[in-house]
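Each chain, written out:
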Amino acid sequence: MNLVVDWLHSADARSRIEEARALAQDALALARESRDPGTIAQALLGVAWIDYHDPLPQQSRRALAEEALANARSADDERLVAFAGMEAALALQPERGAHEIEQAAALLRDIGGFRLLVMLYSSASVNAIKVGDLERALAWLDEALPLGRAHDDPLGVCVVCGRLGHAALLTGDLDRARRALAEHLELAQKHRFWVAARGLAGLAAIETRGGNLERAARLLGAATATGPWDADADLTEDLEQKFFSPARATCGERR
């Protein structure tokens, strides 16, 4: 699964997603040959994770996670049970999955999986942003951020700040968005995290609101050169429709 994650986070993530899926499917086929339920559960979760970007509800991801959950229970592996529960919950619409999110959170707390807990709340917030439930998204991010700080998880904090910046941007709280994205970029630069492009795109969106279209264009160009800021089509569409398209209409596509 780690190989698949690294592959997806490469600079050309969009073009490689089907290759990543093929790798994960090969791993699953090998895992099934082993007949070891723990190995099978891990491989199923590797395939399920690739579907995180699909429109909700993610039926394929849900089915894979439920099968992984059954195998994790057969293996009597508490960590895999918690992770499978997390994947299953994240495959649902936020309103339907909210109860399962909290159930998964309780399991993660029980096993001390606090970095996974940060990931759970952070990923749940993305689902909420996608359906326009910004209040729920911000509530989950407010759970995730202090957990990431308390458990020395710089990548988790970096990702959460990026998502907090996006959510605050959509609510019109530009000051909060700017602060969150500044911390996001500071952590990305310090630790050489691959997520910096998303923060640059967020700052570009903020500049369009202030009428600083030249600066916005430069920031968006920097984001495009840095990495796959637009790998998630739903979140990209938010920025395009509400910020970048109006700016292009004003200053021209070429600029």
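First, a word on what this report is: a plain description of the structure on this page. Chains are numbered independently. Their residues run from 1 in the order of the written sequence. Residue-level local features of this predicted model are given only where pLDDT is at least 70; pairs of side-chain atoms are given and counted only at 80 or more, and the full residue set underlies all totals for whole chains, interfaces and linings. With hydrogens and water stripped out, all remaining heavy atoms of the structure feed into the side-chain values.

The next thing to look at is the nonpolar core. Nonpolar cores were defined as sets of buried Ala, Val, Leu, Ile, Met, Phe, Trp, Tyr and Cys residues, with membership established by side-chain atoms within 4.5 Å. Think of it in three bands: with a 1.4 Å probe and only protein chains considered, a residue is buried below 20% of the maximum accessible area for its type, exposed above 50%, and partly exposed in between. Among the nonpolar cores identified, the biggest contains 81 residues, and Ile101, Leu120, Tyr121, Trp229, Leu239 and Phe244 are the most heavily contacted of them. We count a stretch as a helix when DSSP gives it H or I for four or more residues in a row; a strand needs E for two or more, and each element gets its number in order from the N terminus. By residue number, the principal contributor to this core is helix H9 (residues 154–171), which donates 10 residues. We call two residues contacting when some pair of their heavy atoms lies within 4.5 Å. Among residues more than four places away in sequence, those in contact with Leu239 are His166, Leu169, Ala201, Ala205, Trp229 and Phe244.

So, on to the pattern of salt bridges. Any carboxyl oxygen of Asp or Glu that lies within 4 Å of a side-chain nitrogen of Lys or Arg is treated as forming a salt bridge with it. Applying the stated criterion to the full structure yields 15 salt bridges. The shortest N-O distance in the salt bridge between Arg176 and Asp142 comes to 3.0 Å. Note that Arg176 is positioned in helix H10 (residues 174–191) and Asp142 in helix H8 (residues 134–150), a separation of 34 residues in sequence. What makes Arg176 partly exposed here is its relative accessible area of 24%. On the accessibility criterion, Asp142 (44% relative accessible area) is partly exposed. Residue Glu240 pairs with Arg248 through a salt bridge whose shortest N-O separation is 2.8 Å. Look at Glu240 and you get buried, because its relative accessible area is 19%. Since its relative accessible area comes to 26%, Arg248 is described here as partly exposed. The structure contains a network of salt bridges with shared partners spanning Glu18, Arg21 and Asp51.

A few words on the side chain of Ser125. Along the polypeptide, Ser125 turns up in helix H7 (residues 114–130). Take Ser125: its relative accessible area is 0%, and that puts it in the buried class. Residues contacting Ser125, with those up to four places away along its chain left out, are Ala137, Trp140, Leu141 and Arg163.

With that settled, consider the packing of aromatic side chains. Geometry of aromatic contacts follows a simple scheme: Phe, Tyr and Trp rings, the Trp one being its six-membered ring, pair when their centres are within 6.5 Å, and the pair is stacked under 30 degrees between planes, edge-to-face over 60, tilted otherwise. Taken as a whole, this structure holds one aromatic pair when the rule is applied. A centroid spacing of 4.9 Å and a plane angle of 35° characterise the contact between Trp49 and Tyr52, whose relative ring orientation is tilted. Residue class for Trp49 comes out buried when judged on its relative accessible area of 12%. Of the residues examined, Tyr52 reaches a relative accessible area of 26% and is grouped as partly exposed.

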